[in-house]
Every structure is written in structure tokens, then in C-alpha cells.
Amino acid sequence: MPASKHTFLFATLTVSLLLLFVLNIALGSVSIPFGEVIQSLFGESASKKTWEYIIINYRLPKAITAVMAGTGLAISGLLMQTLFRNPLAGPYVLGLSSGSSLGVAAILLGSAILPGVLVPIALSQYGIVLASCIGSFMVMIAVLVVSQKLRDTMAILIVGLMFGSFTSAIVGALSYFSSAEQLQRFTFWAMGNLGNLSWISIAILSTAVIIGLILSFSCIKPLNALLLGENYARSLGINIKRTQLVIIIATSILAGSITAFAGPIAFIGLAVPHIAKLVFQTSSHTILFWATILSGAIIMLLCDIISQLPGSDLTLPINAVTSIVGAPVVIWLLVSKRKLAS
């Protein structure tokens, strides 16, 4: 595809991102005019104080969270698919999501064994975030330790899947012995939620995502080489072990921080990189990196708009909507792969 076509696509995606960002803030159970949203975003007072409060304290933080989550998960998926050369790999393939779920399950489902003084702290938003981070961090350390002892990249993938299965089994055991109220709260967390984040939480999440993106950007050249195999990458002087380490750390920071603050969000990391490749018709990570960032943010904002059911007081779980978007892409990938094999 010529460079001029790529420039046009990037411009189109950028404009679409800006429009969807404003639309995401304008739509909801209370419809707010575009003009009022733009005035509030530029620091001017809206004509109604209630509109200004909704925009600044609820919808703007949620829109920023959607952009951060979409961007981070999409790039994580791109990194994993290239590292393992597997189109069905996603950001949670290393077991990070299961580790986060284990940390949260230990708090929400095992709160009965905690001292009474610690229960309110543990069940608070930051207590749940901390538990999620600890669970994800423990799995990341385990995967990093094992990855340094294995030469085969696919073996690392299998180890990640095994860690995921192991932690999921523990979560299942905790669920079996939990009350209905505990299970309900854990289920709500597992469905994902982009709202209810304070500005301090958004600052922490944004910092983590930016660090993860910087690490990912530093791997663009090795990622392009890895497309042609590890032996080819070594012939170019690329340190495979170091590259694997940076990619795993970047993915852990991105997927782990997003899961901690927004819960496990399905399919974005799996589907978006393929959508970017399909639209831009390239395998170059120099282009795909930015295309995936824009596409991830756009699709996440679009899913969030759908989940709000504009004009209604009802809200769908974000995981349900992202799965509706992502599942057809995964099915298409499986069907295409079958056709190519036959």
C-alpha cells in the first residue's frame, strides 16, 4: 500500500478517534449537546451545572480510561502475536489475567478469613486494585523466571497457559466455597468496568500504559525481524532473550495495570491487531504500532458507547460488548486458517 494511502488512513483514524471521544462523553442516560461537551473540555462552564459535573467527574474519566484500555490491550495483543507468531495469541496468554483474578478472588471470596479491621480496606477500590496487581505481578515473575531457562519461545507460551490454568483452578475452588453475595461481586468485577475511576487512579493507569507503550515502541525493529523467525533475527544481531524479556515486561505492565483498574476485558487485544493489519495491509510494525494504538482506542470507545445504551438508564457489561465485536473476528480467523490449510 502506498505511503499516501497510509497517511490518509491515519488522518481518518485520528479524526474518528476525536469524534468518538466527544460522542462518548455526549451520549448516555443524560444526552448532552456536542457544543456543551466541547466547552467543558476546553475549561468553559456548561450552561447547566449538572451537565458540567457529569462531564468532568464521570464521563471524561471514563472516556480516558477507554482510550488507555483500548490502546494498551491492543498493543499487548500485537506484541504477543508477533513474539509467538500465533494469530490467536492475546495479551492474557501469559496468564496475567488469571493472576489478577486470583488476587481479586482471594480478597472478594476469601474476605471471611481476614481480620475484621482489614475487611473494609481490602474490599475498597484500591484494595481490589492492589490485590489484582499483586496477582498479576506474581504470575509475571514466574513467567520471567521460567523464560530465562527456556530457549524455545513456544515453550514460554505453554508455560503461560499452564500458569493461567493453575490460577483459574484456584479461583474455581474459592468460588465453590463462597457465598452468593461474594460470587456476585466477583462476577461484576470480572465483567469489566471503565467507570468509577478517580483522577488519581487515571493518573496511575495512564503512567503505567505510557511506560508500557514506550517499552513496546523500543521493540519495533526486533519485532519486524521476528516475523521472519528467530534465526533470521539472530543473524541481524538481535538479542532474542533481551527482546523476549522486554516484550513480556511491556505486556505485563500494560495488561496487568488495565486489568487491575478496569477488570479483565476480552477480545480487544486479540481482535484489534488483525483489524489494523487488514485495514493497512502491512506487516511492518513501524506502521502497525500506531495503527493498532488508534484502532484500539476507537474500538474501545465505540464499545463503551454501545454499552451505555444511549437514552436508557441501563448499562451493559463492557466485556459483553467487546466479545460481540471480537468473537466474529476470531471466528473469521479460524475459518480463514482452515481454508488456507485445506
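This text goes with the structure placed above it.
Everything quoted here is computed from the prediction, not taken from an experiment.

Novice: Describe the overall build of the chain, listing the residues and the values that go with them.
Specialist: The number of helices and strands found in the chain is 15 helices and zero strands. Here the C-alpha atoms of the chain give a radius of gyration of 21 Å, agreeing with the 20 Å that 2.2 N^0.38 yields for 342 residues. In terms of overall dimensions, the chain has C-alpha extents of about 65 × 60 × 35 Å along its principal axes. By residue count, 51% of the 342 residues in the chain fall in the buried class. When contacts within the chain are restricted to residue pairs at least 6 apart in sequence, those whose partners lie at least 24 apart make up 77%. Counting every atom, the chain has about 16,100 Å² of accessible surface; 72% of that belongs to carbon and sulfur. Across the chain, the 17 positively charged side chains and the 8 negatively charged ones have centroids separated by 18 Å.

Novice: So, the packing of aromatic side chains: which residues are in play, and what are the values?
Specialist: Inspection of every chain in the model, using the stated rule, returns six aromatic pairs. Seen from their ring centres, Phe217 and Trp290 are 5.8 Å apart, and the 55° between their planes marks the pair as tilted. Of the two residues, Phe217 sits in helix H9 (residues 199-217) while Trp290 sits in helix H14 (residues 285-308), which places them 73 residues apart along the sequence. By relative accessible area, which is 43% here, Trp290 ends up partly exposed. Arranged with centres 5.0 Å apart and planes meeting at 90°, the rings of Phe289 and Trp290 form a pair that is edge-to-face.

Novice: Explain the packing of helix H13 (residues 268-280) against H14 to me, using residue names and the numbers behind them.
Specialist: Relative to each other, H13 and H14 sit at 120°, their axes nearing to 9 Å. Comparing the axis directions of H13 and H14 gives the class oblique. The handedness of the crossing between H13 and H14 is right-handed. Two secondary-structure elements touch here, H13 through Ile268, Val272, Pro273, Ile275, Ala276, Lys277 and Phe280 and H14 through Ile287, Leu288, Ala291, Thr292, Ser295, Gly296, Ile299 and Met300. Grouping the amino acids of the contact of H13 with H14 by side-chain chemistry returns eleven nonpolar, three polar and one charged.

Novice: Quick rundown of the side chain of Ser132? Include the residues and the values.
Specialist: Note that Ser132 resides in helix H6 (residues 125-147). Not counting the four nearest positions on each side in its chain, Ser132 is found in contact with Ser100, Val104, Trp189, Thr259 and Ala260.

Novice: Go over the side chain of Ser206 with me, naming the residues and quoting the values.
Specialist: Along the chain, the position of Ser206 falls in helix H9. With sequence-adjacent residues up to four places away left out, Ser206 is seen in contact with Ile64 and Met68.

Novice: Go over the pattern of salt bridges with me, naming the residues and quoting the values.
Specialist: By the definition in use, this model includes one salt bridge. Salt-bridge contacts for Asp304 lead to Lys62; the nearest nitrogen and oxygen are separated by 2.9 Å. On the criterion of sequence distance, the pair formed by Asp304 in helix H14 and Lys62 in helix H3 (residues 49-83) is long-range, its members being 242 residues apart. The same class applies to Asp304 as to Lys62, namely buried.

Novice: Please give an account of unusual backbone geometry that cites residues and values.
Specialist: The backbone of Asn196 sits at a positive phi, close to 65°, despite the residue not being glycine. One can find Asn196 in the loop between helix H8 (180-190) and H9. Positive phi, close to 50°, is recorded for Gln281, a residue that is not glycine. Among the structural elements, Gln281 can be located in the loop between H13 and H14. The exposure class assigned to Gln281 is exposed, which follows from its relative accessible area of 58%.

Novice: Pulling in residues and values, what's your account of helix H12 (residues 240-262)?
Specialist: Taking 1.5 Å per residue, 23 residues should reach 33 Å; H12 reaches 32 Å between its end C-alpha atoms and fits that length. Most of H12 is tucked away: 18 of the 23 residues are buried. N-capping of H12 is provided by Asn239, with a side-chain oxygen placed 3.2 Å from the backbone N of Lys241. Phi for Gly263, located one or two positions after H12, is positive at around 85°.

Novice: Which residues make up the nonpolar core, and what values go with them?
Specialist: In this structure, Met80, Phe84, Leu94, Leu194, Ile247, Ile265 and Leu301 are the most contacted members of the largest nonpolar core, which totals 83 residues. A per-element tally of this core places H3 first, with 15 residues. Apart from the residues lying within four places of it in its own chain, the contact partners of Leu194 are Lys62, Thr65, Ala66, Ala69, Ala262, Ile265, Met300, Asp304 and Ile318. If you look at the next biggest cluster of nonpolar residues, it comprises eight residues, including Val104, Ala105, Leu109 and Phe186.

Novice: Give me a nonpolar patch on the surface: which residues, what numbers.
Specialist: Together, Phe34, Ile38, Leu41 and Phe42 line one region of the surface with nonpolar side chains, adding up to about 400 Å² of accessible area. Within the secondary structure, Phe34 sits in helix H2 (residues 34-41).

Novice: Mind laying out H8, listing which residues take part and the relevant values?
Specialist: Residues spaced three or four apart along an α-helix face the same direction, because each turn holds 3.6 residues. Three or more residues of H8 are buried, namely Gln182, Phe186 and Trp189. All buried residues of H8 lie within an arc of 55° about the axis, which places them on one face of the element. With respect to the buried face of H8, the exposed residues turned more than 90 degrees away are Ala180, Glu181 and Phe188. Check the buried side of H8 and you find it contacts helix H4 (96-108), H6, helix H7 (153-176) and H12. Looking one or two residues past H8, Gly192 carries a phi angle of roughly 85°, positive in sign.

Basis of the calculations
- The numbering scheme is per chain: residues are counted from 1 as the chain's sequence reads.
- For a predicted model such as this one, the threshold for reporting local features is a pLDDT of at least 70, and the threshold for listing and counting side-chain atom pairs is 80 or more; totals across whole chains, interfaces and linings nevertheless cover every residue.
- To get the side-chain values, all heavy atoms of the structure are used, and hydrogens and water are removed first.
- Strands are runs of DSSP state E lasting at least two residues, helices are runs of H or I lasting at least four, and both sets are numbered from the N terminus onward.
- C-alpha atoms define the radius of gyration, and 2.2 Å times the number of residues to the power 0.38 defines the globule rule.
- Three labels apply to residues, based on accessible area from a 1.4 Å probe with only protein chains included: buried if under 20% of the type maximum, exposed if over 50%, partly exposed otherwise in between.
- Contact between two residues is taken to exist if any of their heavy atoms lie within 4.5 Å; hydrogens are not considered.
- The protein chains shown are the only cover counted for residues, whose accessible areas, like all others here, come from Shrake-Rupley with a 1.4 Å probe.
- We count Lys and Arg on the positive side and Asp and Glu on the negative side, and we leave His and both chain ends out.
- For this purpose, a charge sits on NZ of Lys, CZ of Arg, CG of Asp or CD of Glu.
- Only rings of Phe, Tyr and Trp enter the pairing, Trp through its six-membered ring, and a pair is recorded when the two centres are within 6.5 Å. The plane angle decides the type: under 30 degrees is stacked, over 60 is edge-to-face, the rest tilted.
- Angular values range over 0 to 180 degrees, each being the angle between N-to-C directions of two axes fitted as lines to C-alpha atoms, with helices fitted over their stretch in contact.
- For classification purposes, an angle smaller than 35 degrees is called roughly parallel, one larger than 145 roughly antiparallel, one from 65 to 115 roughly perpendicular, and anything else oblique.
- Crossing handedness is read from the near helix: turned anticlockwise from the far helix by less than a right angle, it gives a left-handed crossing, and turned clockwise, a right-handed one.
- Residue type decides the class: Asp, Glu, Lys and Arg count as charged, Ala, Val, Leu, Ile, Met, Phe, Trp, Tyr, Cys and Pro as nonpolar, and the leftover types, Gly among them, as polar.
- Criterion for a salt bridge: a side-chain nitrogen of Lys or Arg within 4 Å of a carboxyl oxygen of Asp or Glu.
- To estimate the expected span of a helix, count its residues, drop one, and scale the result by 1.5 Å.
- As used in this structure description, the phrase polar contact means that two N or O atoms lie within 3.5 Å; if the pair is within protein, one of them must be able to donate a hydrogen and the other to accept it, and residues adjacent in sequence are counted only when both atoms belong to side chains.
- Take the buried Ala, Val, Leu, Ile, Met, Phe, Trp, Tyr and Cys residues and link them wherever side-chain atoms come within 4.5 Å; each set so joined is a nonpolar core.
- Patches draw on residues past 30% relative accessible area with no salt bridge. Two like charges within 9 Å are joined, as are two nonpolar side chains (Val, Leu, Ile, Met, Phe, Trp, Tyr) within 5 Å.
- The directions from the helix axis to the C-beta atoms are what the arc is built from.

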